[in-house]
Amino acid sequence: MTKRYWNITFEEMMEAGVHFGHETRKWNPRMAPFISAKRKGIHITNLTKTARFLSEACDLAFDAASKGKKFLIVGTKKKAADSVTRAAIRARCHYVNKKWLGGMLTNWYTTETRLRKFRDLRTEQKTGKLNSLRKRDAAMLKRHLSHLETYLGGIKYMTGLPDIVIIVDQEEEYTALQECITLGIPTICLIDTNCDPDLGDFPIPANDDAIDSIRFILNKLVFAICEGRSSYIRNY
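Cut-offs and rules
- Residues numbered from 1 in each chain as written.
- Predicted model: local features only at pLDDT ≥ 70, side-chain atom pairs only at ≥ 80, totals over all residues.
- Heavy atoms only, no water.
- Helix = DSSP H or I, 4+ residues; strand = E, 2+ residues; numbered from the N terminus.
- Pairing = 2+ DSSP bridges.
- Axes fitted to C-alpha atoms, helices over the stretch in contact; angles between N-to-C directions.
- Contact = heavy atoms within 4.5 Å.
- 1 Å grid on protein atoms, 1.4 Å probe; cavity = no way out; pocket = protein on both sides within 12 Å on 5 of 7 lines; lining within 4 Å.
- Points joined across faces, edges and corners; volume = space filled by probe spheres on them.

**Some details on unusual backbone geometry**
Move 1: Positive phi, close to 50 degrees, is recorded for Lys40, a residue that is not glycine.
Move 2: Mapped onto the elements, Lys40 comes out in the loop between β2 (35–39) and β3 (42–45).
Move 3: Located in the positive-phi region is Arg92, a residue other than glycine, with phi close to 55 degrees.

Take a look at the structure:
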């Protein structure tokens, strides 16, 4: 994996609140190597290690994107949802920003069936076919389409399992992480002081509750993916 310079500064991280962890009573002892201090009952993340691990994750993202690999970004809590959507659209990644449906990856056949149904309904809506049905049937199918759009809209163009999954808040997305572990899909995980750093493949110690912190981390990863994709296009 080639090392590159990603311009990760302490000033930016401090301004985004990346260093703020959870209350000391809610910590995971395995996070001790990533914690530099305690302040007013809150653990402070070691930003030197954040910069190092984020840089390594960016290197991975760049290399994977430069080889045409596919990414999935997962972040379903309210504070992360909008940032996940923007990041995924900018980097042309698949994403899940609502509820993670159990088996979304491990039971890919079922997910694929749902996606086909979703695409068929979207086509029928665009062509006006739904409007030719009885009102009751059309209303039922439109509700179903709305439901599919909410939970599968970010992966509607996904035709197979992703090569790398970026997880915002490892604790919140534990089911998604377990599915990746089961399938051997590499993960880049944003981990706060209450997480287990040994679960994900590429942990990034950082505040997973503050919108600015989440956006900062995702922006760096997205930039690396976009740079990698540009390299892939030039070399194709």
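Read on, since the account is not over.
**Topic: the sheet that holds strand β8 (residues 202–205)**
Move 1: As summarised here, the arrangement of the five strands in space is β5-β4-β6-β7-β8, forming an open sheet in which the pairing is parallel. Where the open sheet ends on each side, the last strands, each with one partner, are β5 (94–96) and β8. When strand polarity is set aside, the average angle formed by the axes of neighbouring strands in this sheet is 15 degrees.
Move 2: Relative to β5, strand β4 (residues 71–74) runs parallel, the two being bridged by three bridges. Within β5, the residue paired with Ile73 across the bridge is Tyr95.
Move 3: Relative to the sheet, helix α2 (residues 47–66) contacts β4, β6 (164–168), β7 (187–191) and β8, its axis offset from that of β8 by approximately 140 degrees.

**A word on empty space enclosed by the protein**
Empty space among the atoms becomes apparent when a probe as large as a water molecule is rolled across them.
Move 1: Taken as a whole and assessed by the stated rule, the structure comprises one cavity of 30 Å³ or more.
Move 2: Ile166, Ile167, Val168, Ile188, Cys189, Leu190, Ile204, Ile217, Leu218 and Leu221 are the residues that line the largest cavity.

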